[in-house]
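# Coordinates in review
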Amino acid sequence: MLTSSIGKKTVMAISGAMLSLFLLAHMVGNTTAFFGREAFNGYAGHIHDLGGILKLLEAGLLFFLLAHAGVALLLYLENMQARPERYAVKKSSGSGLIAQTMPYTGLAILIFLIVHLANFHFTDRTTPPSEMIREVLGRPEFALFYIFSVLAAALHISHGLWSLFQTLGLSHPRYNKLIMTGGIICGIAVGTVFVLIPVLAVIYSGFLL
Amino acid sequence: MSTITLTLKIWRQQDRKTKGRFETYETGPISQDMSFLEMLDVLNEQLTLEGKDPVAFDHDCREGICGMCGSVINGEAHGPEKETTLCQLHMRHFKDNDTLVIEPFRARAFPIIKDLAIDRTPLDRIIQAGGYISVNTGGAPDANAIPIAAERAEAALDAAACIGCGACVAACPNASAMLFVGAKITHLALLPQGLPERSGRPLDMVQEMDSQGFGNCSNIQECEQACPKGISIQNIARLNHEYLRAAFLSEE
Ligand code: HEM
Ligand code: FES
């Protein structure tokens, strides 16, 4: 069943839901950075204290990420082949633009994740987290790359959250508007919080000091 | 009666195998009271008199109910009017000296037979795979013998408005047939007559849809915009629901 078109979309929806839950939790956690060094390092310390549970969560995330990106590539290739001869003129209504760019915003997220993990995960972990942020995001070229990637992620989930409900067949005229608006609000929230951090790191020299 | 003249760029293709190309034609005076297909008839008369090969295009009822007609006009399946088949599209929606690019519905699953005429049998194969109900032979049952709530009947009839023209496939960036299959599944799943096949139908129809070479749905919503019968993507959600229910929850 999972190899059918709807099966593959179900894998996208469930893995996308898990990744979105992680991203939203990550966003909420990172708001501690706005309350100063103590609050942020304290929060990061609590996360690290989880120990074995943290390892399990990380393994789960990696699993869903690989499933999500792998099936995304498969769908992308299949969908390209479904129309071998393109239209000379094609008008699109515009509402589907974010949906149509999912493979590209997704690819941007993937590239970002590699850089992001190299910056903060596979690195010298003895420096306090607040110091790592100041070092990496204090550099304008990194800050710009983070801002660009976060905007891609915001677009990705602002469509993705509604899309996953539609894919799982959880749709009702009474709740559709709510789900759609909720997804866009999550996208805006993720965009705002994660853009503010690099922006503050660049323009405010006392950030997380 | 006002008339207009048009420049038409029409896709000409000899058969399935030959490579196609655009040919440009200048029309004579076209009455704005004509339908789009009548305009093509006039062009074909002109081409025949000039000893040229007329443009092949699909049509049958010419009253918006059979689902045979359909081309992409300036990038829009069935042309610029909402909820209108090509045969019901009138030339009053075009202006004098307009240039119209006319292409066939393009999808790997819809091979071009000639010019604008395409082979839509893959949609029929999906219907054959599961778009039916089982009934006993014998005398016709009384109307209203089976009670059906009015809202349910309305929703089923809204889905049944699908004429199977394939505009959803043509408009979808992935050439997916999910709106068509969604309409057919919804139509039968909502009515008591469709219940005996409820758990087999989505599995069989989706399997056939996949094997015919349509793309996957990415929830882009272009299909809904192009559908001449206003079929909603709510029907795709119901198809997903019915499919997952049949695949993972059915007891059969
Ligand atoms: C934190 C990271 C990510 C989150 C939160 C996320 C979330 C989502 C969600 C919720 C969906 C909707 C699923 C559906 O339509 O049923 C989705 C779809 C999609 N994602 Fe992601 N995603 C992430 C990373 C990625 C990556 C790394 C890629 C690509 C390499 C990717 C590519 C796609 C594509 C192509 C779709 C559309 C699939 C389709 O509708 O055909 N995503 N994503
Ligand atoms: S010719 Fe029958 S719907 Fe247009």
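Because the structure is predicted, anything quoted here is derived from the model rather than measured.

Next up on the list: a nonpolar patch on the surface. Where nonpolar side chains cluster on the molecular surface, the patch consists of Met1(A), Leu2(A), Phe248(B) and Leu249(B) and spans about 460 Å² of accessible area. Inspection of the secondary structure puts Phe248(B) in helix 8 (residues 234–249).

A few words on the coordination of the iron atom of ligand 1. Residue and element names in this part refer to chain A. Around the iron atom of ligand 1, the protein contributes the donor atoms His 68 (NE2) and His 156 (NE2), which lie 2.0 to 2.1 Å from the metal centre. The coordination sphere of the iron atom of ligand 1 comprises six donor atoms, whose angles at the metal cover 86 to 179°; the geometry is octahedral. Pair noted here: His 68 is in helix 3 (residues 52–81) and His 156 is in helix 7 (residues 140–167), with a separation of 88 residues, a long-range link. Residue classification places His 68 among the buried residues on the basis of a relative accessible area of 14%.

Turning our eyes to something else, we now look at the pattern of salt bridges. Residue and element names in this part refer to chain B. Following the criterion strictly, the structure yields 17 salt bridges over all chains and no others. Between Glu 50 and Lys 52 there is a salt bridge; the shortest N-O distance is 3.1 Å. You can call Glu 50 partly exposed: its relative accessible area is 45%. Two residues, Glu 242 and Arg 198, come together in a salt bridge whose shortest N-O distance is 2.9 Å.

Moving on, we come to the pairing of strand 2 (residues 7–12) of chain B. Residues and elements named next belong to chain B. Burial within strand 2 is extensive, with five of its six residues counted as buried. Across six bridges, strand 2 lies against strand 3 (residues 21–26) in antiparallel orientation. Considered in strand 3, the bridge of Leu 8 is made with Tyr 25. In terms of strand pairing, strand 2 meets strand 7 (residues 99–103) through four bridges, oriented parallel. By the bridge assignment for strand 7, Leu 8 is matched with Leu 100.

Moving on to the domain arrangement of chain B. Interfaces are frequently sized by the accessible area removed from exposure as the parts join. Residues and elements named next belong to chain B. By domain assignment, chain B separates into domain 1 (3–114) and domain 2 (120–133 + 148–251). Spacing between the C-alpha centres of domain 1 and domain 2 amounts to 28 Å. Between domain 1 and domain 2, the residue contacts involve 18 residues of the former and 20 residues of the latter. Of the roughly 1,500 Å² buried at the junction of domain 1 and domain 2 (both faces included), carbon and sulfur atoms supply 59%. Sorting the residues of domain 1 by area buried against domain 2 places Glu 83, Ala 109 and Phe 110 first, and these three jointly supply 34% of that buried surface. Taken together, domain 1 and domain 2 are joined by one salt bridge. Counting the contacts that link domain 1 with domain 2 gives six residue pairs in polar contact (both at pLDDT 80 or more). A breakdown of the residues in the side of domain 1 that touches domain 2 according to their chemical character gives nine nonpolar, five polar and four charged.

Turning our eyes to something else, we now look at the site of ligand 1. Lining the immediate environment of ligand 1, one finds 24 residues, of which His68(A), His156(A), Ser163(A), Thr167(A) and Ser218(B) sit closest. Between ligand 1 and the protein, one listed contact pairs a nitrogen atom with a side-chain N or O atom of His156(A) at 2.8 Å. For ligand 1, an oxygen atom lies 2.8 Å from a polar atom in the side chain of Thr167(A). Of the residues in the shell around ligand 1, the class split is 13 nonpolar, ten polar and one charged.

Right, let's get into the sheet that holds strand 2 of chain B. Residues and elements named next belong to chain B. Pairing is mixed across the open sheet formed by five strands, whose spatial order is 3-2-7-5-6. The strands lining the two open edges of the sheet, one partner per strand, are strand 3 and strand 6 (76–77). Sheet contacts for helix 1 (residues 36–49): strand 2, strand 3, strand 5 (72–73) and strand 7; angle to strand 2, the most-contacted strand, approximately 80°.

Below, the discussion takes up the interface of chain B and chain A. With 48 residues of chain B at the interface, the matching set in chain A holds 40 residues. When the two sides are added together, the surface that chain B and chain A hide from each other amounts to roughly 3,400 Å², 50% of it contributed by carbon and sulfur. Of all residues in chain B, Arg106(B), Asn216(B) and Asn219(B) give up the largest surface area on contact with chain A, accounting jointly for 18% of the area buried on that side. The interface formed by chain B and chain A contains one salt bridge. Here Lys91(A) ties to Glu76(B) by a salt bridge, and the two come within 3.6 Å at their closest N and O atoms. At the boundary of chain B and chain A, one finds 25 residue pairs in polar contact (both at pLDDT 80 or more). Residue assignment for the side of chain B that touches chain A shows that the elements contributing at least two residues are strand 7, helix 4 (167–171), helix 6 (201–211), helix 7 (222–226) and helix 8 of chain B. Here the element with the most residues in the side of chain B that touches chain A is helix 8 of chain B; it accounts for ten residues. When the residues that make up the side of chain B that touches chain A are grouped by side-chain class, the tally is 28 nonpolar, 13 polar and seven charged.

Reading guide: rules and limits
Residues numbered from 1 in each chain as written. Chains lettered and ligands numbered in written order. Predicted model: local features only at pLDDT ≥ 70, side-chain atom pairs only at ≥ 80, totals over all residues. Heavy atoms only, no water. Patch = residues over 30% accessible without salt bridge, like charges linked within 9 Å, V, L, I, M, F, W, Y side chains within 5 Å. Areas by Shrake-Rupley, 256 points an atom, 1.4 Å probe, with all protein chains shown as cover. Salt bridge = Lys/Arg side-chain N within 4 Å of Asp/Glu carboxyl O. Helix = DSSP H or I, 4+ residues; strand = E, 2+ residues; numbered from the N terminus. Donors = N, O, S within 2.8 Å, 3.2 Å for Na, K, Ca; no water. Tetrahedral: all angles 85-135°; square planar, octahedral: opposite > 155°, others 65-115°. Buried < 20%, exposed > 50% of the residue type's maximum accessible area, 1.4 Å probe, protein only. Pairing = 2+ DSSP bridges. Domains from an automatic or database assignment. Contact = heavy atoms within 4.5 Å. Buried area = accessible area lost by both parts, 1.4 Å probe. Polar contact = N/O pair within 3.5 Å; in protein donor to acceptor, adjacent residues only side chain to side chain. Nonpolar A, V, L, I, M, F, W, Y, C, P; charged D, E, K, R; others polar. Near = heavy atom within 4 Å. Axes fitted to C-alpha atoms, helices over the stretch in contact; angles between N-to-C directions.

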